[in-house]
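Working through the structure, step by step
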Amino acid sequence: METPPNSVPGTPGTPRTPEPTSTDAPTGATAPRGPVDSSRVPRYAGPATFARLPRLDEVGTADVAVVGVPFDSGVSYRPGARFGGNAIREASRLLRPYNPAQDASPFALAQVADAGDIAANPFRIEEAVETVEAAADALMADGTRLMTLGGDHTIALPLLRAAARRHGPVALLHFDAHLDTWDTYFGAAYTHGTPFRRAVEEGILDTSALSHVGIRGPLYDRRDLDEDARMGFGIVTSADVMRRGVDEVVQQLRERIGDRPLYVSIDIDVLDPAHAPGTGTPEAGGLTSRELLEILRGLAGLRLISADLVEVAPAYDHAEMTAVAASHTAYELTTLMARRIAAERGD
(Lines give C-alpha, C1' and ligand atoms only; values in the text may rest on other atoms or scores of the structure.)
Protein backbone atom coordinates (compact mmCIF):
# COMPACT_ATOMS: atom_id res chain seq x y z
CA MET A 1 0.00 0.00 0.00
CA GLU A 2 1.33 3.39 -0.99
CA THR A 3 0.69 6.82 0.44
CA PRO A 4 1.99 8.89 -2.48
CA PRO A 5 2.82 12.50 -1.67
CA ASN A 6 0.32 13.83 -4.18
CA SER A 7 -2.52 11.73 -2.71
CA VAL A 8 -2.14 12.24 1.01
CA PRO A 9 0.47 14.97 1.33
CA GLY A 10 2.17 16.14 4.49
CA THR A 11 3.42 19.65 4.04
CA PRO A 12 6.26 20.39 6.48
CA GLY A 13 5.43 23.24 8.78
CA THR A 14 1.66 23.08 8.27
CA PRO A 15 0.05 23.33 11.73
CA ARG A 16 -1.65 20.10 12.73
CA THR A 17 -3.46 21.45 15.78
CA PRO A 18 -6.72 19.52 16.19
CA GLU A 19 -10.11 21.16 16.29
CA PRO A 20 -11.34 21.53 19.89
CA THR A 21 -12.57 18.19 21.18
CA SER A 22 -15.78 17.64 23.09
CA THR A 23 -16.80 15.64 26.13
CA ASP A 24 -17.44 12.76 23.70
CA ALA A 25 -13.73 11.85 23.95
CA PRO A 26 -13.06 8.34 25.30
CA THR A 27 -12.40 8.13 29.00
CA GLY A 28 -9.19 6.61 30.31
CA ALA A 29 -7.43 6.90 26.97
CA THR A 30 -5.39 9.39 25.00
CA ALA A 31 -7.76 11.74 23.21
CA PRO A 32 -7.89 11.13 19.46
CA ARG A 33 -6.06 13.54 17.24
CA GLY A 34 -8.61 15.49 15.26
CA PRO A 35 -8.70 17.72 12.19
CA VAL A 36 -6.55 20.77 11.56
CA ASP A 37 -7.83 23.80 13.49
CA SER A 38 -9.67 25.92 10.91
CA SER A 39 -9.31 29.00 13.10
CA ARG A 40 -5.55 28.80 12.48
CA VAL A 41 -5.33 27.32 8.99
CA PRO A 42 -8.01 28.28 6.42
CA ARG A 43 -9.97 25.31 5.11
CA TYR A 44 -8.69 25.82 1.58
CA ALA A 45 -5.04 25.64 2.71
CA GLY A 46 -2.85 22.69 3.55
CA PRO A 47 -3.02 19.00 2.69
CA ALA A 48 -6.28 17.53 1.41
CA THR A 49 -6.72 14.60 3.75
CA PHE A 50 -10.29 13.48 4.41
CA ALA A 51 -11.96 16.11 6.63
CA ARG A 52 -8.45 17.54 7.21
CA LEU A 53 -7.71 14.65 9.55
CA PRO A 54 -4.18 13.44 10.35
CA ARG A 55 -2.53 10.87 8.16
CA LEU A 56 -2.29 7.34 9.50
CA ASP A 57 1.49 7.57 9.65
CA GLU A 58 1.14 10.61 11.93
CA VAL A 59 -0.93 8.79 14.55
CA GLY A 60 0.35 5.22 14.19
CA THR A 61 -2.96 3.41 14.60
CA ALA A 62 -6.58 4.30 13.96
CA ASP A 63 -10.01 3.04 14.88
CA VAL A 64 -11.27 4.08 11.45
CA ALA A 65 -8.98 4.46 8.42
CA VAL A 66 -10.14 6.40 5.39
CA VAL A 67 -8.37 4.86 2.41
CA GLY A 68 -8.54 5.56 -1.30
CA VAL A 69 -8.47 3.05 -4.15
CA PRO A 70 -7.81 4.98 -7.38
CA PHE A 71 -8.89 2.16 -9.72
CA ASP A 72 -11.52 2.22 -12.47
CA SER A 73 -10.45 -0.47 -14.95
CA GLY A 74 -13.65 -2.41 -14.24
CA VAL A 75 -16.08 0.17 -15.61
CA SER A 76 -18.46 -0.57 -18.48
CA TYR A 77 -19.28 2.99 -19.57
CA ARG A 78 -17.64 6.29 -18.56
CA PRO A 79 -14.21 6.07 -16.86
CA GLY A 80 -12.80 8.56 -14.35
CA ALA A 81 -13.62 7.13 -10.92
CA ARG A 82 -9.90 6.63 -10.33
CA PHE A 83 -9.88 10.33 -9.47
CA GLY A 84 -12.86 10.05 -7.12
CA GLY A 85 -11.05 9.58 -3.83
CA ASN A 86 -9.05 12.76 -4.08
CA ALA A 87 -12.09 14.71 -5.29
CA ILE A 88 -13.95 13.57 -2.16
CA ARG A 89 -11.00 14.56 0.00
CA GLU A 90 -10.96 18.05 -1.52
CA ALA A 91 -14.72 18.41 -1.05
CA SER A 92 -14.43 17.26 2.58
CA ARG A 93 -12.45 20.35 3.62
CA LEU A 94 -15.67 22.00 4.82
CA LEU A 95 -16.70 19.13 7.10
CA ARG A 96 -16.64 20.09 10.77
CA PRO A 97 -15.95 17.97 13.86
CA TYR A 98 -19.47 17.98 15.37
CA ASN A 99 -22.27 16.13 13.55
CA PRO A 100 -25.56 17.62 14.78
CA ALA A 101 -27.72 15.14 12.85
CA GLN A 102 -26.26 12.31 14.93
CA ASP A 103 -25.42 14.47 18.00
CA ALA A 104 -21.86 13.19 18.00
CA SER A 105 -18.29 14.36 17.51
CA PRO A 106 -16.94 11.39 15.55
CA PHE A 107 -13.30 12.49 15.56
CA ALA A 108 -13.39 12.80 19.36
CA LEU A 109 -15.13 9.45 19.85
CA ALA A 110 -12.58 7.50 17.83
CA GLN A 111 -9.25 8.01 16.13
CA VAL A 112 -9.99 8.55 12.47
CA ALA A 113 -7.08 8.96 10.07
CA ASP A 114 -6.42 9.13 6.34
CA ALA A 115 -4.45 6.06 5.25
CA GLY A 116 -3.60 7.31 1.77
CA ASP A 117 -4.21 5.25 -1.35
CA ILE A 118 -3.93 1.58 -2.28
CA ALA A 119 -2.05 1.53 -5.58
CA ALA A 120 -3.62 -1.18 -7.78
CA ASN A 121 -2.49 -2.33 -11.23
CA PRO A 122 -4.73 -0.55 -13.79
CA PHE A 123 -3.96 -3.12 -16.53
CA ARG A 124 -4.71 -6.39 -14.69
CA ILE A 125 -8.03 -6.47 -12.88
CA GLU A 126 -7.39 -9.80 -11.15
CA GLU A 127 -4.07 -8.55 -9.80
CA ALA A 128 -5.69 -5.29 -8.68
CA VAL A 129 -8.36 -7.24 -6.79
CA GLU A 130 -5.65 -9.25 -5.01
CA THR A 131 -3.72 -6.08 -4.14
CA VAL A 132 -6.76 -4.36 -2.64
CA GLU A 133 -7.62 -7.47 -0.62
CA ALA A 134 -4.10 -7.77 0.80
CA ALA A 135 -3.92 -4.06 1.67
CA ALA A 136 -7.35 -4.17 3.33
CA ASP A 137 -6.25 -7.22 5.33
CA ALA A 138 -3.21 -5.32 6.57
CA LEU A 139 -5.18 -2.21 7.51
CA MET A 140 -7.84 -4.23 9.35
CA ALA A 141 -5.36 -6.47 11.18
CA ASP A 142 -5.73 -4.60 14.48
CA GLY A 143 -9.49 -4.25 14.26
CA THR A 144 -9.46 -1.02 12.27
CA ARG A 145 -12.64 -0.28 10.36
CA LEU A 146 -12.28 1.01 6.79
CA MET A 147 -14.05 3.86 5.06
CA THR A 148 -12.90 3.23 1.50
CA LEU A 149 -13.15 5.83 -1.25
CA GLY A 150 -13.20 4.45 -4.79
CA GLY A 151 -12.58 3.86 -7.50
CA ASP A 152 -15.18 1.76 -9.24
CA HIS A 153 -17.40 -0.89 -7.67
CA THR A 154 -15.06 -3.74 -8.58
CA ILE A 155 -13.18 -2.96 -5.35
CA ALA A 156 -16.14 -4.00 -3.18
CA LEU A 157 -15.32 -7.70 -3.68
CA PRO A 158 -11.79 -7.67 -2.20
CA LEU A 159 -12.97 -5.38 0.61
CA LEU A 160 -15.77 -7.80 1.45
CA ARG A 161 -13.31 -10.69 1.42
CA ALA A 162 -11.16 -8.90 3.97
CA ALA A 163 -14.17 -8.04 6.13
CA ALA A 164 -15.50 -11.61 6.06
CA ARG A 165 -12.10 -12.97 7.00
CA ARG A 166 -12.39 -11.10 10.30
CA HIS A 167 -16.15 -11.35 10.92
CA GLY A 168 -17.44 -14.32 8.96
CA PRO A 169 -20.17 -13.85 6.33
CA VAL A 170 -21.45 -10.27 6.62
CA ALA A 171 -24.75 -8.53 6.06
CA LEU A 172 -24.62 -6.24 3.04
CA LEU A 173 -26.51 -3.01 2.55
CA HIS A 174 -25.91 -1.90 -1.04
CA PHE A 175 -26.98 1.54 -2.28
CA ASP A 176 -26.95 1.73 -6.07
CA ALA A 177 -28.97 2.38 -9.20
CA HIS A 178 -27.86 -1.04 -10.43
CA LEU A 179 -27.93 -4.58 -9.06
CA ASP A 180 -24.23 -5.35 -9.61
CA THR A 181 -25.05 -9.06 -9.49
CA TRP A 182 -24.47 -9.79 -13.18
CA ASP A 183 -22.25 -12.71 -14.15
CA THR A 184 -19.70 -11.39 -16.67
CA TYR A 185 -19.04 -8.56 -19.11
CA PHE A 186 -17.29 -9.63 -22.32
CA GLY A 187 -16.24 -12.77 -20.47
CA ALA A 188 -14.68 -10.83 -17.56
CA ALA A 189 -15.73 -12.12 -14.14
CA TYR A 190 -14.40 -9.14 -12.17
CA THR A 191 -16.00 -5.82 -13.13
CA HIS A 192 -17.99 -3.07 -11.44
CA GLY A 193 -21.22 -4.91 -12.33
CA THR A 194 -20.31 -8.30 -10.84
CA PRO A 195 -18.87 -7.94 -7.31
CA PHE A 196 -21.90 -9.12 -5.35
CA ARG A 197 -22.54 -12.21 -7.44
CA ARG A 198 -18.92 -13.21 -6.85
CA ALA A 199 -19.31 -12.46 -3.13
CA VAL A 200 -22.39 -14.69 -2.88
CA GLU A 201 -20.61 -17.46 -4.80
CA GLU A 202 -17.63 -17.22 -2.44
CA GLY A 203 -19.81 -17.51 0.65
CA ILE A 204 -18.64 -14.24 2.20
CA LEU A 205 -22.12 -12.70 2.48
CA ASP A 206 -24.89 -13.63 4.90
CA THR A 207 -27.61 -14.35 2.35
CA SER A 208 -30.34 -13.84 4.93
CA ALA A 209 -29.38 -10.16 5.27
CA LEU A 210 -28.78 -8.71 1.80
CA SER A 211 -30.45 -5.53 0.59
CA HIS A 212 -30.24 -3.23 -2.40
CA VAL A 213 -31.51 0.34 -2.02
CA GLY A 214 -32.16 2.80 -4.84
CA ILE A 215 -32.40 0.32 -7.70
CA ARG A 216 -33.99 1.76 -10.84
CA GLY A 217 -33.68 1.98 -14.60
CA PRO A 218 -33.83 -0.54 -17.44
CA LEU A 219 -32.43 -4.06 -17.15
CA TYR A 220 -31.29 -6.60 -19.71
CA ASP A 221 -34.07 -9.05 -18.89
CA ARG A 222 -36.61 -9.97 -16.20
CA ARG A 223 -34.25 -12.83 -15.32
CA ASP A 224 -31.84 -10.27 -13.84
CA LEU A 225 -34.32 -9.73 -11.01
CA ASP A 226 -35.08 -13.43 -10.66
CA GLU A 227 -31.39 -14.35 -10.35
CA ASP A 228 -30.81 -11.50 -7.89
CA ALA A 229 -33.66 -12.76 -5.70
CA ARG A 230 -32.29 -16.31 -5.78
CA MET A 231 -29.03 -14.97 -4.36
CA GLY A 232 -30.99 -13.65 -1.38
CA PHE A 233 -31.24 -9.93 -2.13
CA GLY A 234 -34.21 -7.81 -1.17
CA ILE A 235 -34.80 -4.66 -3.20
CA VAL A 236 -35.93 -1.22 -2.11
CA THR A 237 -36.30 0.83 -5.29
CA SER A 238 -35.89 4.58 -5.45
CA ALA A 239 -39.65 4.75 -6.05
CA ASP A 240 -40.20 2.77 -2.84
CA VAL A 241 -38.26 5.39 -0.89
CA MET A 242 -40.34 8.15 -2.45
CA ARG A 243 -43.71 6.46 -1.82
CA ARG A 244 -43.05 4.82 1.57
CA GLY A 245 -40.74 7.38 3.11
CA VAL A 246 -37.38 7.16 4.83
CA ASP A 247 -38.60 6.00 8.25
CA GLU A 248 -40.47 2.97 6.93
CA VAL A 249 -37.55 1.98 4.70
CA VAL A 250 -35.10 2.30 7.60
CA GLN A 251 -37.27 0.10 9.78
CA GLN A 252 -37.38 -2.58 7.07
CA LEU A 253 -33.62 -2.48 6.64
CA ARG A 254 -32.93 -2.65 10.37
CA GLU A 255 -35.19 -5.69 10.73
CA ARG A 256 -33.44 -7.45 7.87
CA ILE A 257 -29.93 -6.68 9.16
CA GLY A 258 -30.55 -7.37 12.85
CA ASP A 259 -27.38 -7.66 14.95
CA ARG A 260 -25.24 -9.12 12.17
CA PRO A 261 -21.90 -7.56 11.23
CA LEU A 262 -22.81 -5.05 8.54
CA TYR A 263 -20.90 -3.85 5.51
CA VAL A 264 -22.32 -0.84 3.61
CA SER A 265 -21.41 -0.32 -0.04
CA ILE A 266 -22.52 2.89 -1.76
CA ASP A 267 -22.35 3.66 -5.45
CA ILE A 268 -22.85 7.42 -5.74
CA ASP A 269 -25.14 6.82 -8.73
CA VAL A 270 -27.79 5.81 -6.21
CA LEU A 271 -28.39 9.57 -6.19
CA ASP A 272 -30.32 11.22 -8.99
CA PRO A 273 -28.07 12.92 -11.58
CA ALA A 274 -29.53 16.21 -10.36
CA HIS A 275 -27.65 15.56 -7.10
CA ALA A 276 -24.68 13.56 -8.44
CA PRO A 277 -23.92 14.15 -12.13
CA GLY A 278 -20.26 13.14 -11.69
CA THR A 279 -20.52 9.40 -12.12
CA GLY A 280 -19.96 6.83 -14.81
CA THR A 281 -23.41 5.27 -15.29
CA PRO A 282 -26.08 7.83 -14.31
CA GLU A 283 -29.77 6.84 -14.20
CA ALA A 284 -32.75 9.18 -13.92
CA GLY A 285 -35.11 8.96 -10.96
CA GLY A 286 -32.68 8.43 -8.10
CA LEU A 287 -32.59 9.32 -4.42
CA THR A 288 -32.00 12.84 -3.24
CA SER A 289 -28.88 13.46 -1.19
CA ARG A 290 -31.15 14.23 1.77
CA GLU A 291 -32.87 10.82 1.48
CA LEU A 292 -29.55 8.98 1.35
CA LEU A 293 -28.14 10.81 4.37
CA GLU A 294 -31.31 10.28 6.40
CA ILE A 295 -31.38 6.55 5.64
CA LEU A 296 -27.77 6.26 6.77
CA ARG A 297 -28.48 8.18 9.97
CA GLY A 298 -31.26 5.69 10.65
CA LEU A 299 -28.70 2.88 10.89
CA ALA A 300 -27.29 4.19 14.19
CA GLY A 301 -26.45 1.40 16.61
CA LEU A 302 -26.06 -1.36 14.03
CA ARG A 303 -22.79 -3.33 13.86
CA LEU A 304 -21.25 -1.36 11.01
CA ILE A 305 -17.81 -2.90 10.46
CA SER A 306 -16.67 -1.08 7.30
CA ALA A 307 -17.99 0.72 4.24
CA ASP A 308 -17.07 1.84 0.76
CA LEU A 309 -18.17 4.77 -1.40
CA VAL A 310 -17.46 4.40 -5.10
CA GLU A 311 -18.00 5.65 -8.66
CA VAL A 312 -17.40 9.38 -8.12
CA ALA A 313 -16.04 10.57 -11.48
CA PRO A 314 -15.08 14.24 -11.11
CA ALA A 315 -14.62 14.85 -14.83
CA TYR A 316 -18.42 14.81 -15.15
CA ASP A 317 -19.07 16.78 -11.97
CA HIS A 318 -20.25 20.38 -11.78
CA ALA A 319 -19.38 22.74 -8.92
CA GLU A 320 -18.28 19.69 -6.88
CA MET A 321 -21.94 18.65 -6.46
CA THR A 322 -21.15 14.94 -6.55
CA ALA A 323 -17.97 15.19 -4.49
CA VAL A 324 -19.71 17.28 -1.82
CA ALA A 325 -22.56 14.76 -1.59
CA ALA A 326 -20.01 11.96 -1.37
CA SER A 327 -17.97 13.70 1.34
CA HIS A 328 -21.08 14.12 3.50
CA THR A 329 -22.04 10.50 2.86
CA ALA A 330 -18.61 9.31 4.03
CA TYR A 331 -18.89 11.63 7.04
CA GLU A 332 -22.19 10.05 8.12
CA LEU A 333 -20.73 6.56 7.72
CA THR A 334 -17.63 7.53 9.69
CA THR A 335 -19.83 8.95 12.43
CA LEU A 336 -21.82 5.71 12.61
CA MET A 337 -18.61 3.71 12.96
CA ALA A 338 -17.18 6.06 15.60
CA ARG A 339 -20.38 5.87 17.63
CA ARG A 340 -20.38 2.07 17.45
CA ILE A 341 -16.73 1.94 18.52
CA ALA A 342 -17.47 4.19 21.51
CA ALA A 343 -20.45 2.04 22.48
CA GLU A 344 -18.38 -1.16 22.27
CA ARG A 345 -15.79 0.42 24.57
CA GLY A 346 -18.49 1.49 26.97
CA ASP A 347 -17.70 5.21 26.59
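Below you will find a few notes about this structure. Since the structure is predicted, the reported quantities are computational estimates derived from the model, not experimental observations. (Residues numbered from 1 in each chain as written. Predicted model: local features only at pLDDT ≥ 70, side-chain atom pairs only at ≥ 80, totals over all residues. Heavy atoms only, no water.)

This part covers the overall build of the protein chain. Scanning the protein chain for helices and strands turns up eleven helices and eight strands. Principal-axis analysis of the C-alpha atoms gives the protein chain an extent of 55 × 40 × 40 Å. Residues classed as buried in the protein chain amount to 57% of the 347 residues present. Pairs at least 24 apart in sequence give 78% of the contacts found in the protein chain among residues at least 6 apart. (Helix = DSSP H or I, 4+ residues; strand = E, 2+ residues; numbered from the N terminus. Buried < 20%, exposed > 50% of the residue type's maximum accessible area, 1.4 Å probe, protein only. Contact = heavy atoms within 4.5 Å.)

Before going further, it helps to examine the packing of aromatic side chains. Inspection of every chain in the model, using the stated rule, returns two aromatic pairs. Pairing Phe 107 with Tyr 331 gives two aromatic rings, centres 6.1 Å apart and planes at 55°, and the pair type is tilted. Here Phe 107 is found in helix α3 (residues 106–109), whereas its partner Tyr 331 is found in helix α11 (residues 321–345), with 224 residues between them in sequence. Just as Phe 107 is buried, Tyr 331 falls in that class too. With 6.0 Å between their ring centres and 85° between their planes, Trp 182 and Tyr 220 make a pair best called edge-to-face. Of this pair, Trp 182 sits in the loop between β4 (170–175) and α6 (195–201) while Tyr 220 is found in the loop between β5 (205–215) and α7 (222–230), placing the two residues 38 residues apart along the sequence. The aromatic ring of Tyr 316 is capped on one face by Arg 78, whose charged end is 4.0 Å from the ring centroid. (Phe/Tyr/Trp six-rings, centres within 6.5 Å; stacked < 30°, edge-to-face > 60°. Lys NZ or Arg CZ within 6 Å of the ring centre and 35° of its normal.)

This part is about the environment of Ala 91. Along the chain, Ala 91 turns up in helix α2 (residues 84–91). Its relative accessible area of 11% is what places Ala 91 among the buried residues. Along the primary structure Ala 91 and Tyr 44 are separated by 47 residues, whereas in three dimensions their C-alpha atoms are 9.9 Å apart.

Applying the stated rule across the entire model yields 23 salt bridges. One salt bridge in this structure joins Glu 58 and Arg 55, with 3.6 Å as the shortest N-O distance. A relative accessible area of 25% places Glu 58 in the partly exposed class. Arg 223 serves as the salt-bridge partner of Asp 221, at 3.2 Å between the closest nitrogen and oxygen. Judged by its relative accessible area of 33%, Asp 221 falls in the partly exposed class. What emerges from the salt-bridge pattern is a single network uniting Glu 133, Asp 137, Arg 161, Arg 165 and Glu 202. (Salt bridge = Lys/Arg side-chain N within 4 Å of Asp/Glu carboxyl O.)

The subject of this paragraph is the side chain of Thr 322. Take Thr 322: it is sitting in helix α11. Sequence-distant contacts of Thr 322, defined by excluding residues within four places in its chain, comprise Ile 268, His 275, Ala 276, Pro 277, Gly 278, Val 312 and Asp 317.

Glancing now at the side chain of Thr 148. Along the chain, Thr 148 falls in strand β3 (residues 145–150). Apart from residues no more than four positions distant in its own chain, Thr 148 is found in contact with Val 67, Val 69, Ile 155, Leu 159, Ala 307, Asp 308 and Leu 309.

The next point concerns the sheet that holds strand β8 (residues 304–310). The strand order β2-β1-β3-β8-β7-β4-β5-β6 describes an open sheet built from eight strands, whose pairing is parallel. In the strand order of this sheet, the two ends are held by β2 (112–117) and β6 (233–237), each with one partner. Pairwise comparison of adjacent strand axes, ignoring direction, gives a mean angle of 15° for this sheet. As defined by bridge partners, strand β1 (residues 64–69) adjoins β3 across six bridges and the pair is classed as parallel. Across the sheet, residue Val 64 finds its bridge partner in β3, namely Arg 145. (Pairing = 2+ DSSP bridges. Axes fitted to C-alpha atoms, helices over the stretch in contact; angles between N-to-C directions.)

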